[in-house]
Amino acid sequence: MHTLSKHPLRTPRRSNLALTLAVTLAVKCLALYGLWYACFSHPQTKHMLLPAGQVERHLFAIPAARDPLPTK
């Protein structure tokens, strides 16, 4: 008959690892939520609205060609 007393450290070590991973994951999720809330959840001012067309033109515009550097 197989008993648990033969390997007393096997079960607590696995549950300790699972607990450690769960706590670490929870802390990381809370930290990420805190950073998002502090930095991105509220605009700096109430009137910070830009027209969507203007933003699209700015983001998708092809940059103007620069003059090549003069060679010596």
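Here the structure is a predicted model, which is why all the values come from computation and not from measurement. (Residues numbered from 1 in each chain as written. Predicted model: local features only at pLDDT ≥ 70, side-chain atom pairs only at ≥ 80, totals over all residues. Heavy atoms only, no water.)

*Asks:* What is the right way to read the overall build of the protein from this model?
*Replies:* Along its length, the protein carries two helices and zero strands. Here the protein, with 72 residues, has 0% of them falling under the buried criterion. Taken as a whole, the protein presents about 7900 Å² of accessible surface, with 68% of it coming from carbon and sulfur. (Helix = DSSP H or I, 4+ residues; strand = E, 2+ residues; numbered from the N terminus. Buried < 20%, exposed > 50% of the residue type's maximum accessible area, 1.4 Å probe, protein only. Areas by Shrake-Rupley, 256 points an atom, 1.4 Å probe, with all protein chains shown as cover.)

*Asks:* What is the right way to read the packing of aromatic side chains from this model?
*Replies:* In this description, a pair of aromatic rings is defined by centroid distance and the angle of the planes. Following the criterion strictly, the structure yields three aromatic pairs and no others. Put simply, the rings of Tyr-33, Trp-36 and Tyr-37 touch in pairs and so form one group of aromatic residues. (Phe/Tyr/Trp six-rings, centres within 6.5 Å; stacked < 30°, edge-to-face > 60°.)

*Asks:* I would appreciate a short explanation of a nonpolar patch on the surface in the present structure.
*Replies:* Judged by side-chain polarity, Tyr-33, Trp-36, Tyr-37 and Phe-40 come together as a nonpolar surface patch covering roughly 520 Å² of accessible area. By the secondary structure assignment, Trp-36 is in helix H1 (residues 10–40). Trp-36 sits in the partly exposed class, given a relative accessible area of 42%. (Patch = residues over 30% accessible without salt bridge, like charges linked within 9 Å, V, L, I, M, F, W, Y side chains within 5 Å. Salt bridge = Lys/Arg side-chain N within 4 Å of Asp/Glu carboxyl O.)

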